[in-house]
Amino acid sequence: MPRDIATVCLDATAADDVTTALAAALAPFEHDAQPVDDRWQGEWDWWHVYGGDGEYGLAVRPGHENDPRLIRSPTWLDGTPRPAQPADRCDGGPRGLLDLDTERTAVGVAAAREWDAWTAFAARFPPAHSLRTIAGRSPSATNPPYQAFMAQPVMQALAAWRQSDPDAPTWTKQQDPLQHFAGSREQYAHRAAMRVQTTNVLLTVDGRWIDCFDYTPTPQQPVAANAYFDFADRYLRELPEDAVIVRVRFHS
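These figures come from a predicted structure and were not determined experimentally.

A. Region of interest: the state of the cysteines. Going through the model one piece at a time under the given rule, you end up with zero disulfides. Among the cysteines around Cys-9, which has no disulfide bond, Cys-90 carries the closest sulfur, lying 13 Å off. For Cys-9, a relative accessible area of 2% puts it in the buried group.

B. Fine view of the confidence of the model for the protein chain. Taken over all residues, the pLDDT of the protein chain has a mean of 91, while the share at 70 or more is 90%. Summarising per-element confidence for the protein chain, the mean pLDDT is lowest in helix H3 (residues 131–135) (91) and highest in helix H2 (residues 102–122) (98).

C. Main features of the side chain of Gln-197. With respect to the helices and strands, the residue Gln-197 is situated in the loop between helix H7 (185–193) and strand E6 (201–203). Here Gln-197 is in contact with Leu-58, Asp-99, Leu-100, Glu-103, Leu-236 and Arg-247, once residues within four sequence places are set aside.

D. Spotlight on the packing of H2 against helix H5 (residues 153–164). Between H2 and H5, the shortest axis-to-axis distance is 10 Å and the interhelical angle comes to 120°. Classified by the angle their axes make, H2 and H5 are oblique. Of H5, the residues touching H2 (which contributes Trp-118, Phe-121 and Ala-122) are Val-154, Ala-157, Leu-158 and Trp-161. Classifying every residue of the contact of H2 with H5 gives seven nonpolar, no polar and no charged.

E. View of the pattern of salt bridges. Enumeration according to the criterion identifies nine salt bridges in this entry. With a shortest N-O distance of 2.9 Å, Arg-69 and Asp-67 are connected by a salt bridge. Residue classification places Arg-69 among the partly exposed residues on the basis of a relative accessible area of 48%.

F. Looking closely at the nonpolar core. One finds Leu-98, Leu-202, Tyr-228, Leu-236, Leu-239 and Ile-245 to be the most contacted residues of the largest nonpolar core, which totals 22 residues. For this core, the element with the highest residue contribution is helix H8 (residues 225–238), accounting for six residues. With near-sequence residues (within four places) excluded, Tyr-228 lies in contact with Thr-199, Asn-200, Val-201, Leu-202, Ile-210, Asp-211, Cys-212 and Tyr-215. Core analysis: the next-biggest nonpolar cluster, separate from the first, contains 19 residues, Ala-25, Val-244, Val-246 and Val-248 among them.

Reading guide: rules and limits
Residues numbered from 1 in each chain as written. Predicted model: local features only at pLDDT ≥ 70, side-chain atom pairs only at ≥ 80, totals over all residues. Heavy atoms only, no water. Disulfide = S-S within 2.5 Å. Buried < 20%, exposed > 50% of the residue type's maximum accessible area, 1.4 Å probe, protein only. pLDDT = per-residue confidence, 0-100. Helix = DSSP H or I, 4+ residues; strand = E, 2+ residues; numbered from the N terminus. Contact = heavy atoms within 4.5 Å. Axes fitted to C-alpha atoms, helices over the stretch in contact; angles between N-to-C directions. Parallel < 35°, antiparallel > 145°, perpendicular 65-115°, else oblique. Nonpolar A, V, L, I, M, F, W, Y, C, P; charged D, E, K, R; others polar. Salt bridge = Lys/Arg side-chain N within 4 Å of Asp/Glu carboxyl O. Core = buried A, V, L, I, M, F, W, Y, C linked by side-chain atoms within 4.5 Å.

Structure below.
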């Protein structure tokens, strides 16, 4: 079974004893826990605090690097020492000590520039359709969807650029830029930014285990990964400053 990262949110009282509060919050989701309302809800068989020394680490608000309330677990699950973590990263801490904005903003700005670059490039060619759109039409044995997709002038030009220029911008590597860059500039930038601080799983203060792979905004709507990341991003940013956020690695 896979390993994944959960972002666990705890109320302000957790700051007094994060270890105990974290264990209590996660306990209902242990594989061997008692079902709730006859519904099995096991999600993990082991977990440990994790993140500050990797890409999932939380940024520390400048000036608070030495605050003792920051969470930096010194060991791995088996008790062996973890590498020293950068002073500006941590496994968690009170929301007010974490910088959830700087990286998010930078990613959004970079994404907006990518959207601008693609849009300027695509404007030089006749309007084109994404592979998904073409595949949704009546299938043709003589002109398969991918062949028709790549036959479009914009895709031919993009493929030629990728093949001839080893320094071509990263955005040119998108296999279907028409789908990837769909929507407005603001929507594209937001889609990139909302994934910076979020992980695939969110455990809310009120004890809801929310997984991006089965998140539904309402019972009537289908599973929607983008909707999950939008929700999780807003949830973290709107937490009270004394709420505690902790990254946890778990095995399911």
